[in-house]
Amino acid sequence: MTVGANPLLVPSSLPYGVPPYDRIRPEHYLPAFEAAFAEHRTEIDALTRVRSTPTFENTLVALERSGAFLRRVAHAFFTVSSADATDEIQAIEETLAPMLSAHFDAITLDTQLYQRVSTVWEQRETLGLAGEDAYLLERRYRTMTHAGAALDDEAKATLTTLNARISVLTTQFEKNLLADTNDLAVHFEDASELHGLTDAEIAAANAAAKERGLSGYLLNLMNFTGHPALAVLTDANTRRRIMAASRSRGHRGNDWDNAAIVLEIVRLRARRAELLGYTSHAAYVTADETAGSPEAVTEMLRRLAPAAARNARTEQERLQRMLDTTESPRPLEASDWAYYTEKVRAAEYDVDTAALRPWFEASRVLHDGVFYAATRAYGVTFHRRDDLPTYHPDVEVYEVRDDDGTVVGVYALDLYTRDTKRGGAWMNPIVEQSELEGTLPVVMNNLNVPKPSEGPTLLTFDEVSTLFHEFGHALHGLFARTRYPMFSGTNVFRDFVEFPSQVNEMWMLWPEVLDNYARHVETGEPIDPAVVGRLNAAETFNQGFQTSEYLAAAWLDFAWHSLTSAEAERVEDIDAFEAAALADIGLASDTVPTRYSTAYFSHVFAGGYSAGYYSYIWSEVMDADTVEWFTGNGGLSRAGGDRFRERLLGVGGARDPREAYRDFRGRDPEIGPLLARRGLGD
């Protein structure tokens, strides 16, 4: 394929290096990857064959300069493969997975390259390096050593084989999950079964059914165990059907069953950890995170779990009392929890979050809430760019500028769900910022909001929170200013990456922000301040459930990945293992299921969170501590925002996050604010 025929073979001529998605076709990706692999390999060969003594410039900086072509192609492709994964794109990803694994292993484990990096590392005391330069040397040496670059050739060959197989399996896991989730979308013949949904939601369910050639109505599943509709659907059997479908994903004995894949992934990860000198995959992962060890993680999870389970039991008793007052009293089921939570919330706190949806029109939430808070805190403004091509018509693009007119970067939002989009919500870079490469950041947020067949898009309370959360990731990617690609944007420790996004959630209910965006879609009236007061009063209500379901998933992830190689070989039944793990930490509950069960836990068996799902609560310690700081230091103000931007968001991964936090806060984070937020205190 010629350069002219494949737009990926040359740098984009569009502003900010945005990929020319209007000209890119699926058949362009693999040839572009192959060319990028070859160029990257040539760059590394030139680096390792230089005859001069290894220096910071000819080794570390040269290594950072390499791979620009490959980064460009990879970001363009994986943006699409996660959000618009057609059959053709999925086939490309399956072919690509082992190729990528082999390519990066060949570089990371390159003996000559490692020797050059090691030589510079050994001379570090005499080089006079400081700041980002010194940290680059430290992190590059550390990551290569951690990945196995010091192993002998035989061990490296084994490691490469393990990595390649794992990459194939994780890709297959995600493909299976997407297919099974689509297949399990719950079909209803009669609209009466969906009583409780709004007319617009019922119309959207009807449109979803028609898209598949079905009569009636179709509700698509979420990536997690529950479903937003469970909070409002009045028919108990309808709720049961949705919950049953959700919990059966990836484990029905069909062609998309993930059980065998999970067992093989766990065994291979344990074997790899053993090869690298660690007792388990969890020990391997945490050794290069802020946690430092699996013991630190298990200590925190075990500390929090008893109080969370106790609070969940108390909440269940309250829900059961509410259910007992109905015409058909019976024991509370998992599918009932969200529905009766809203009933209790309405009765005891006079709050009905489902009734708030008319105040959460999506465009207004984005512009007058999310963007407004960023403008108030950081001085940035957002300007629509309809001239930049996107991979799907639903994607909106904005140029982000500082208050002096300087361009910060580009922000894109893909709000709506579709059958080709993986579940959940996430941020990813399309172009990474780097002073070395002269690039500004282009970042993408993805959510999975059902698209109405007509009329405005009204968000749920949780969807508003999710949008603020994911935008926190986007701000991290937009504000980071680093010289080296290794540290760009959110390229930080996994158990730190959720911190900026969690902090950004605070602005959702901040009085001046809420008043600016939460206006009734028809009347323009603001939310009654009394309702907001009751929302705040109810803040710790249902935290027992929310904390328990999250901790159960975090513990399940850690249990799988704390197995030694020998222990992993002995596990044959994923259901039995999951039950035993949850019982071990006291979180086994029929009514409070884990947020993600093993067979559909894509964060850890397809994504980058293996032995790392704990990072949400780990980061929340810093988040709650930071919210306390903002509350006591002027709230939503440029002074506070500029401090947070300069000392945390702006450094990207170019500084140890623990040091960056101390620089911002003046001390290490304290756990007290988190315990108070989640109602876990004594």
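Look above for the structure.
Keep in mind it's a predicted model, so treat the numbers as computed, not measured.

Novice: Explain the packing of aromatic side chains to me, please; I cannot follow it from the model alone.
Specialist: What describes a pair of aromatic rings is the distance from one ring centre to the other and the angle between the planes of the rings. Applying the stated rule across the entire model yields 46 aromatic pairs. Between phenylalanine 468 and tyrosine 517, the ring centres sit 5.9 Å apart and the planes meet at 45°, which makes this aromatic pair tilted. Taken together, the positions of phenylalanine 468 in helix α16 (residues 461-479) and tyrosine 517 in helix α18 (residues 511-517) put the pair 49 residues apart, joining distant regions of the chain. Among the aromatic residues, those joined into a cluster by ring pairs are Phe496, Phe499, Trp507, Trp510, Trp629, Phe630, Phe644, Tyr661 and Phe664. The ring of tyrosine 339 has arginine 239 lying over it, and the distance from NZ or CZ to the ring centre is 4.3 Å. Here arginine 249 stacks its cationic end above the ring of tyrosine 600, 4.2 Å away from the centre of that ring.

Novice: Help me understand the environment of histidine 28 in this model?
Specialist: Mapped onto the secondary structure, histidine 28 falls in helix α1 (residues 26-48). Take histidine 28: its relative accessible area is 7%, and that puts it in the buried class. Along the sequence, histidine 28 and leucine 9 sit 19 residues apart, while their C-alpha atoms lie 8.7 Å from each other. Side-chain polar atoms of histidine 28 contact the backbone oxygen of alanine 5, separated by 3.1 Å.

Novice: Would you mind going over the sheet that holds strand β7 (residues 442-449) with me for this structure?
Specialist: Consider a sheet: its strands pair through backbone hydrogen bonds, and that pairing is either parallel or antiparallel. Taken together, five strands build an open sheet; the order of strands is β3-β4-β5-β7-β6 and the sheet is mixed. Of all strands in the sheet, those bounded by a partner on one side alone are β3 (381-384) and β6 (426-431). Neighbour to neighbour, the strand axes of the sheet diverge by 30° on average, direction disregarded. Its contacts with the sheet put α16 on β3, β4 (396-401), β5 (407-416), β6 and β7, and the angle it makes with β7 is roughly 170°.

Novice: I keep staring at the nonpolar core and nothing clicks. Help me out?
Specialist: Side chains of a nonpolar character, in soluble globular proteins, are inclined to be buried together. Phe360, Tyr411, Tyr517 and Trp560 are the most contacted members of the largest nonpolar core, which totals 148 residues. In this view, tryptophan 560 contacts Val262, Leu263, Val266, Val571, Ile574, Phe577, Thr598 and Phe605; residues no more than four positions away in its chain are not counted. Leu8, Ala76, Ile89 and Leu388 belong to the second largest nonpolar core, which has 33 residues in total.

Novice: How should I be thinking about helix α3 (residues 68-83) in this particular structure?
Specialist: Each α-helix turn comprises 3.6 residues. Residues three or four places apart therefore point the same way. Taking 1.5 Å of rise per residue, the 16 residues of α3 would be expected to cover 22 Å, and the 23 Å separating its terminal C-alpha atoms lies within 8% of that figure. Within α3, twelve of the 16 residues are buried, leaving the element largely enclosed by the surrounding structure.

Conventions we followed
- Residues numbered from 1 in each chain as written.
- Predicted model: local features only at pLDDT ≥ 70, side-chain atom pairs only at ≥ 80, totals over all residues.
- Heavy atoms only, no water.
- Phe/Tyr/Trp six-rings, centres within 6.5 Å; stacked < 30°, edge-to-face > 60°.
- Helix = DSSP H or I, 4+ residues; strand = E, 2+ residues; numbered from the N terminus.
- Lys NZ or Arg CZ within 6 Å of the ring centre and 35° of its normal.
- Buried < 20%, exposed > 50% of the residue type's maximum accessible area, 1.4 Å probe, protein only.
- Polar contact = N/O pair within 3.5 Å; in protein donor to acceptor, adjacent residues only side chain to side chain.
- Pairing = 2+ DSSP bridges.
- Axes fitted to C-alpha atoms, helices over the stretch in contact; angles between N-to-C directions.
- Contact = heavy atoms within 4.5 Å.
- Core = buried A, V, L, I, M, F, W, Y, C linked by side-chain atoms within 4.5 Å.
- Expected span 1.5 Å × (residues − 1).

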